[in-house]
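Structural features, examined
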Amino acid sequence: QVQLVESGGGLVQAGGSLRLSCAASGRTFSRYAMGWFRQAPGKEREFVAAINWSGVVVADSVKGRFTISRDNAKNTVYLQMNSLKPEDTAVYYCAADRRSKVTLTPGEYDYWGQGTQVTVSS
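Residues numbered from 1 in each chain as written. Predicted model: local features only at pLDDT ≥ 70, side-chain atom pairs only at ≥ 80, totals over all residues. Heavy atoms only, no water.

1. Observations concerning the pattern of salt bridges
Filter applied, for reference: For salt bridges, the criterion is a side-chain nitrogen of Lys or Arg within 4 Å of an Asp or Glu carboxyl oxygen. Strands here mean DSSP runs of E at least two residues long; helices mean DSSP runs of H or I at least four residues long; both are numbered from the N terminus. Think of it in three bands: residues with accessible area under 20% of the maximum for their type are buried, residues over 50% are exposed, and the middle band is partly exposed, with areas taken using a 1.4 Å probe on protein chains only.
Inspection of the entire model under this criterion finds 7 salt bridges. Here Arg38 and Asp88 are joined by a salt bridge, their closest N and O atoms 2.9 Å apart. Separated by 50 residues along the polypeptide, Arg38 in strand S4 (residues 33-39) and Asp88 in the loop between strand S8 (76-81) and strand S9 (90-97) bring together distant segments of the chain. Of the residues examined, Asp88 reaches a relative accessible area of 0% and is grouped as buried. As a salt-bridge pair, Arg98 and Asp110 come within 3.4 Å of each other at their nearest N and O atoms.

2. Considerations on the nonpolar core
The condition that has to hold: Side-chain atoms within 4.5 Å are what join buried Ala, Val, Leu, Ile, Met, Phe, Trp, Tyr and Cys residues into a set we call a nonpolar core. Contacts: residue pairs with any heavy atoms within 4.5 Å of one another.
Among the nonpolar cores identified, the biggest contains 35 residues, and Leu4, Met34, Trp36, Leu79, Met81 and Tyr92 are the most heavily contacted of them. Secondary structure elements with two or more residues in this core: strand S3 (18-24), S4, strand S5 (46-51), strand S7 (66-71), S8, S9 and strand S11 (116-121). Once residues lying within four places of it in the same chain are set aside, the contact partners of Leu79 are Leu18, Arg19, Leu20, Trp36, Val48, Ala49, Phe66, Thr67, Ile68 and Tyr92.

3. Re the state of the cysteines
This is how it is decided: By definition, disulfides here are pairs of cysteine sulfur atoms that lie within 2.5 Å.
In total, this model carries 1 disulfide according to the counting rule given. A sulfur-sulfur distance of 1.9 Å marks the disulfide that ties Cys22 to Cys94. As the torsion about the S-S bond is roughly 45 degrees, the Cys22-Cys94 disulfide counts as right-handed. On the criterion of sequence distance, the pair formed by Cys22 in strand S3 and Cys94 in strand S9 is long-range, its members being 72 residues apart.

4. As for the pairing of S3
Stated precisely, the cut-off is as follows: A strand pair is defined by DSSP finding two or more bridges across the two strands.
Across the 7 residues of S3, 5 count as buried, placing the element largely inside the fold. Bridge count for strand S1 (residues 4-7) against S3 is 4 bridges, and the pairing is antiparallel. When the sheet's bridge partners are listed, Val5 is paired in S3 with Ala23. In the sheet, S3 pairs with S8 via 6 bridges, with the strands oriented antiparallel. Paired with Leu18 across the two strands is Met81, which belongs to S8.

This is how it looks when you write it as structure tokens:
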């Protein structure tokens, strides 16, 4: 069992930056693919970015503004968000895939955090 705890959300003005963190329990963190998703009110959960041992995938909607990274020594994955826009407002979730496969589909992830709210004001 893996527990994921997100932090770093908050209220920021448009054009600002935030860095989200997701701390994972367990000794096999480095084997997992890790993803970030977001969900705005009334909308479906949306892929943001994912990372595994071989590379990174980033959604077109945030490419060039958001960066995903991980520190396996700290069992932590990060999402650096720059040039934030009001449409980035959502609850952001991190997720882990035991198969270490980078996937854009929420249903293929095995573990989820509780989410952290990001609100971008105009």
